[in-house]
Amino acid sequence: MYWRYRHTALTLCTLAFASTMLARLVISPVVPDITGRFDVSTGAVGLALSGMWAAYALTQFPSGILGDRFGERRVILAAVGVTAVASLTLALAPTYPAFAVLTAALGAGAGLHYSVATAFLTKEFDDIGRAIGVHVSGGPFAGLVAPIVATAVAVRYGWRAAIAVGSAVALPV
């Protein structure tokens, strides 16, 4: 087997999906620190996280339209870029309302990725099932790694650094 462009595209799409998932999942392990910093309830942080997942869900459909209009690669790059910026600014949020808005922005940016990347990969591969299977594996891998990394970073450097891990992972991708 020769390494081809499509293998690079699959690798990068998988890493992009992993980075968008990791950026969302590093928040949960540090909820106690967030509630303490902003002096809010876990319910308030849960509401912000619900807003993030709602924004993620609501951007799935428009991402396909944007991919058709501007091209899949551009939308994939935008998704990872918005994820990186939102994750970094979320780590710097000065107040709970800013935290809640930036959490939703993170979800919206991350939500742009999956549908468009799937469409992109179906054009590159004949064996679509294998390609999509590899691509989707980025999410569960992030789910495995995110809590461990977030906890380790938070213990050493604080909750803001743990959330900034999402940006640190998304930027190189």
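Everything below is about the structure shown above.
Predicted, not measured: the structure shown is a model, and the values here were computed from it.

Rules and cut-offs
- Residues numbered from 1 in each chain as written.
- Predicted model: local features only at pLDDT ≥ 70, side-chain atom pairs only at ≥ 80, totals over all residues.
- Heavy atoms only, no water.
- Helix = DSSP H or I, 4+ residues; strand = E, 2+ residues; numbered from the N terminus.
- Rg over C-alpha atoms; globule rule 2.2 N^0.38 Å.
- Buried < 20%, exposed > 50% of the residue type's maximum accessible area, 1.4 Å probe, protein only.
- Areas by Shrake-Rupley, 256 points an atom, 1.4 Å probe, with all protein chains shown as cover.
- Core = buried A, V, L, I, M, F, W, Y, C linked by side-chain atoms within 4.5 Å.
- Contact = heavy atoms within 4.5 Å.
- Phe/Tyr/Trp six-rings, centres within 6.5 Å; stacked < 30°, edge-to-face > 60°.
- Salt bridge = Lys/Arg side-chain N within 4 Å of Asp/Glu carboxyl O.
- Expected span 1.5 Å × (residues − 1).
- Axes fitted to C-alpha atoms, helices over the stretch in contact; angles between N-to-C directions.
- Parallel < 35°, antiparallel > 145°, perpendicular 65-115°, else oblique.
- Left-handed = near helix turned anticlockwise from the far one by under 90°.
- Nonpolar A, V, L, I, M, F, W, Y, C, P; charged D, E, K, R; others polar.

**Q** Can you tell me about the overall build of the protein chain, naming the residues and giving the values?
**A** The secondary structure content of the protein chain amounts to ten helices and zero strands. Overall, the protein chain shows an N-to-C arrangement of helices and strands of α-α-α-α-α-α-α-α-α-α. Relative to its length of 173 residues, the protein chain is compact, with a C-alpha radius of gyration of 16 Å against a globular reference of 16 Å. For the protein chain, the C-alpha atoms occupy an extent of roughly 55 × 30 × 20 Å along the three principal directions. Counting every position in the protein chain, which comprises 173 residues, the buried fraction comes to 46%. Counting only carbon and sulfur atoms, one obtains 70% of the accessible surface of the protein chain, whose full area is about 8,600 Å².

**Q** Explain the nonpolar core to me, and be specific about the residues and the numbers.
**A** In terms of nonpolar packing, the biggest core is built from 37 residues, with I27, I34, F38, Y96, F99 and I163 touching the most fellow members. Listing elements by their share of this core, those giving two or more residues are α1 (5–25), α2 (31–38), α3 (42–58), α5 (72–91), α6 (96–111), α9 (138–157) and α10 (159–170). Beyond its immediate sequence surroundings of up to four residues, Y96 is in contact with F38, V40, A44, V45, L47 and A48. Ranked by size, the runner-up nonpolar core spans 14 residues in total, among them A9, L10, V116 and L121.

**Q** Give me the packing of aromatic side chains: which residues, what numbers.
**A** Counted by the stated rule, this structure contains five aromatic pairs. On the numbers, 5.7 Å between centres and 45 degrees between planes, the contact of F38 with F99 is tilted. Of this pair, F38 sits in helix α2 while F99 sits in helix α6, and the two are 61 residues apart along the sequence. Each member of the pair, F38 together with F99, is buried. Arranged with centres 5.7 Å apart and planes meeting at 70 degrees, the rings of F38 and W159 form a pair that is edge-to-face. Placement of the pair is F38 in helix α2 and W159 in helix α10, with a sequence separation of 121 residues.

**Q** Tell me what's going on with the pattern of salt bridges, and back it up with residues and numbers.
**A** Using the criterion set out here, one finds two salt bridges in the structure. Put simply, R130 and D127 hold a salt bridge, and the shortest N to O gap is 3.7 Å. The exposure class of D127 is partly exposed, given its relative accessible area of 46%.

**Q** Account for α5, naming residues and giving values.
**A** One full turn of an α-helix is made of 3.6 residues, so residues set three or four places apart face in the same direction. For α5, built from 20 residues, the straight-helix expectation of 28 Å at 1.5 Å per residue is met to within 8% by its first-to-last C-alpha distance of 28 Å. Looking at α5, one finds that the buried residues are E72, V75, I76, A79, V80, T83, A84, A86, S87, L90 and A91.

**Q** Account for the environment of A54, naming residues and giving values.
**A** Following the sequence through the fold, A54 ends up in helix α3. Through-space distance from the C-alpha of A54 to that of H113 is 15 Å; in sequence the pair is 59 residues apart.

**Q** Any chance you could break down the packing of α1 against α5 for me, citing the residues and the numbers?
**A** Packing of α1 against α5 brings their axes to within 10 Å, and their N-to-C directions diverge by 30 degrees. Put simply, α1 runs roughly parallel to α5. Read as a crossing pair, α1 and α5 show a hand that is left-handed. Counting all contacts with α1, which are made through Y5, C13, A16, S19, T20 and A23, the residues of α5 involved are R73, I76, V80, T83 and S87. Here the residues of the contact of α1 with α5 sort into six nonpolar, four polar and one charged.

**Q** Give a description of unusual backbone geometry that names residues and reports values.
**A** The backbone of D39 sits at a positive phi, close to 55 degrees, despite the residue not being glycine. Relative to the elements of secondary structure, D39 occurs in the loop between α2 and α3. On the basis of relative accessibility, which here comes to 71%, the residue D39 falls in the exposed class.

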